[in-house]
Amino acid sequence: MGLHEKTIGTVSDSAGGRSAKLIPWIDHLLEKWARWGTAQGWHGGGCGISSLLMTEHHQIDRAISQQGGPDDVMLTVDTAVLCLPDELQQVVRQRYQGRGTMEQKATALGMNRMLFQRRLVSVHVAVQAALDKGVAAVPLLAPKYLSTRKAAQSQRQPA
């Protein structure tokens, strides 16, 4: 599976002792998403979309071309994060928007680093799948995504 499997953090998987790895280009993309979501990036401060174009990660470049552009990539990542279960959203926000070491971030959420990292791996896999297949096609994300879409459709329909 190539470059995206390079390890930036490894945890033991309790089912069989395999190691689960963070995906470097997804990690980089989530870092950009966190900046994009700040007041500077989200509201035109120039650090979000333009910085996404300057990358050495060919997987991000490929995602941009598959999604239709950097705006679409950021919107897909944002939708994926919003559709994560609450405990995984907390991990994402603490990892990419919080300060401190991984241990401090894990402790802030009341867990050990191993659990924090394992949850982060789940997030990486879900975001990569959302970019590859769409948010609705990812079982971890689909319940919130589909319920949000259904609620929006019912609000648009006249009574």
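So, how was this worked out
- Residues numbered from 1 in each chain as written.
- Predicted model: local features only at pLDDT ≥ 70, side-chain atom pairs only at ≥ 80, totals over all residues.
- Heavy atoms only, no water.
- Helix = DSSP H or I, 4+ residues; strand = E, 2+ residues; numbered from the N terminus.
- Buried < 20%, exposed > 50% of the residue type's maximum accessible area, 1.4 Å probe, protein only.
- Areas by Shrake-Rupley, 256 points an atom, 1.4 Å probe, with all protein chains shown as cover.
- Axes fitted to C-alpha atoms, helices over the stretch in contact; angles between N-to-C directions.
- Parallel < 35°, antiparallel > 145°, perpendicular 65-115°, else oblique.
- Contact = heavy atoms within 4.5 Å.
- Nonpolar A, V, L, I, M, F, W, Y, C, P; charged D, E, K, R; others polar.
- Salt bridge = Lys/Arg side-chain N within 4 Å of Asp/Glu carboxyl O.
- Core = buried A, V, L, I, M, F, W, Y, C linked by side-chain atoms within 4.5 Å.
- pLDDT = per-residue confidence, 0-100.
- Expected span 1.5 Å × (residues − 1).

A. Representation of the overall build of the protein chain. Scanning the protein chain from terminus to terminus reveals nine helices and two strands. Traced from its N-terminal end to its C-terminal end, the protein chain shows the element sequence β-β-α-α-α-α-α-α-α-α-α. Every one of the 159 residues in the protein chain was classed for burial, and the buried ones make up 40%. On the protein chain, roughly 8900 Å² of surface is accessible, and the fraction owed to carbon and sulfur atoms is 52%.

B. Quick peek at the packing of helix 4 (residues 58-67) against helix 5 (residues 70-83). Two numbers describe how helix 4 lies on helix 5: the axes approach to 7 Å, and their chain directions differ by 100°. Comparing their axes, helix 5 and helix 4 come out roughly perpendicular. Of the residues in helix 5, those touching helix 4 at Ala63, Ile64 and Gln67 are Pro70, Asp72, Val73 and Thr76. Along the lines of polarity and charge, the residues of the contact of helix 4 with helix 5 split into four nonpolar, two polar and one charged.

C. The arrangement of the pattern of salt bridges in detail. The final tally for this structure, using the stated rule, is four salt bridges. Here glutamate 31 and arginine 95 are joined by a salt bridge, their closest N and O atoms 3.9 Å apart. Of the two residues, glutamate 31 is situated in helix 1 (residues 24-36) and arginine 95 in helix 6 (residues 86-97); the sequence distance between them amounts to 64 residues. Between arginine 113 and glutamate 103 there is a salt bridge, with its nearest N and O atoms 2.9 Å apart. With arginine 113 in helix 8 (residues 113-133) and glutamate 103 in helix 7 (residues 102-108), the pair connects residues that are 10 residues apart, well separated along the chain. For arginine 113, a relative accessible area of 37% puts it in the partly exposed group. Overlapping salt bridges bring together Asp27, Glu31 and Arg95 as one network.

D. Just the nonpolar core, in detail. In this structure, Leu30, Trp33, Val77 and Leu141 are the most contacted members of the largest nonpolar core, which totals 38 residues. Among the secondary structure elements, those contributing two or more residues to this core are helix 1, helix 4, helix 5, helix 6, helix 7 and helix 8. Ranked by the residues each element gives to this core, the list is headed by helix 8, at nine residues. Look past the residues within four positions of leucine 30 in its chain and what remains in contact with it is Val77, Val81, Tyr96, Val123, His124 and Val127.

E. Structural context of the confidence of the model for the protein chain. Per-residue pLDDT for the protein chain has a mean of 79; in total, 70% of the residues score no lower than 70. Counting contacts from residues 1-18, a segment whose pLDDT is below 50, to residues more than four positions away or on other chains yields 37 contacts. Contacts from residues 41-48, a stretch scored under 50 in pLDDT, to residues over four places away or in other chains number 14 contacts.

F. Structural context of helix 1. Given a rise of 1.5 Å per residue, 13 residues ought to cover 18 Å, and the 18 Å separating the end C-alpha atoms of helix 1 matches this to within 8%. Counting buried residues in helix 1 gives 10 out of 13 residues, a clear majority hidden from the surface. Residues of helix 1 that are buried: Pro24, Trp25, Ile26, Asp27, Leu29, Leu30, Lys32, Trp33, Ala34 and Trp36.

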